[in-house]
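In case you want the letters, here they are:
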Amino acid sequence: QVRIAESGGGSAQPGGSLTLTCEASGTIISVSDMAWYRQVPGIERELVASITDGGRTEYASSAKDRFTISRDNDKNTIYLQMNSLKSEDTAVYYCKAHLLASTGWGRRIDYWGKGTQVTVSS
């Protein structure tokens, strides 16, 4: 009953920009941390950026100074503004929400989206 929906992926040239959106919806009681991860086939999924319900952010070294994560708590939505894209940013980007659902029996757990492809190439 909880849905994590990513959007905004696509193709961009090196140096270009893309903005990703992730909305958590459904039988949600409350959402705490949300984050963006990315994964390349054969390589472990890595954290790109995270944001707490209070707005505190963290970035991977590869993302800082180029990417910006933001949040709209009223909409349970986060964004990832990606600038100065590089070929190594190519990956499937996944959204994770740490939340309490109405069917969670009091337990707050991670919910994952299905991912959105980002391809950076000339």
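Attention in this report is confined to the structure presented alongside it. (Residues numbered from 1 in each chain as written. Predicted model: local features only at pLDDT ≥ 70, side-chain atom pairs only at ≥ 80, totals over all residues. Heavy atoms only, no water.)

## Structural notes on the state of the cysteines
Here comes step 1: According to the stated counting rule, one finds 1 disulfide in the structure shown.
Here comes step 2: Put simply, C22 and C95 are joined by a disulfide, and their sulfur atoms are 2.0 Å apart. Between C22 and C95, the S-S dihedral sits near -80°, and the bridge is therefore left-handed. On the criterion of sequence distance, the pair formed by C22 in strand β3 (residues 18-26) and C95 in strand β9 (residues 91-101) is long-range, its members being 73 residues apart. (Disulfide = S-S within 2.5 Å. Helix = DSSP H or I, 4+ residues; strand = E, 2+ residues; numbered from the N terminus.)

## Remarks on the pairing of β3
Successive side chains on a regular strand alternate, one facing one side of the sheet and the next facing the other.
Here comes step 1: Bridge analysis of strand β1 (residues 2-7) against β3 gives 6 bridges, and the strand direction is antiparallel. The residue bridging R3 from the neighbouring strand is S25, located in β3.
Here comes step 2: Across 6 bridges, β3 lies against strand β8 (residues 77-82) in antiparallel orientation. Note that in β8 the partner of E23 across the bridge is T77. (Pairing = 2+ DSSP bridges.)

## Section: the sheet that holds β1
Strands in a sheet are paired, the pairing made by backbone hydrogen bonds, and the direction either parallel or antiparallel.
Here comes step 1: Judged by pairing direction, the sheet is antiparallel, and its 4 strands sit side by side in the order β1-β3-β8-β7 without closing on themselves. Looking at which strands have only one partner, the edges of the open sheet turn out to be β1 and β7 (67-72). Adjacent strand axes in the sheet meet at a mean angle of 15°, parallel and antiparallel pairs treated alike.
Here comes step 2: As defined by bridge partners, β7 adjoins β8 across 6 bridges and the pair is classed as antiparallel. By the bridge assignment for β8, T68 is matched with Q81. (Axes fitted to C-alpha atoms, helices over the stretch in contact; angles between N-to-C directions.)

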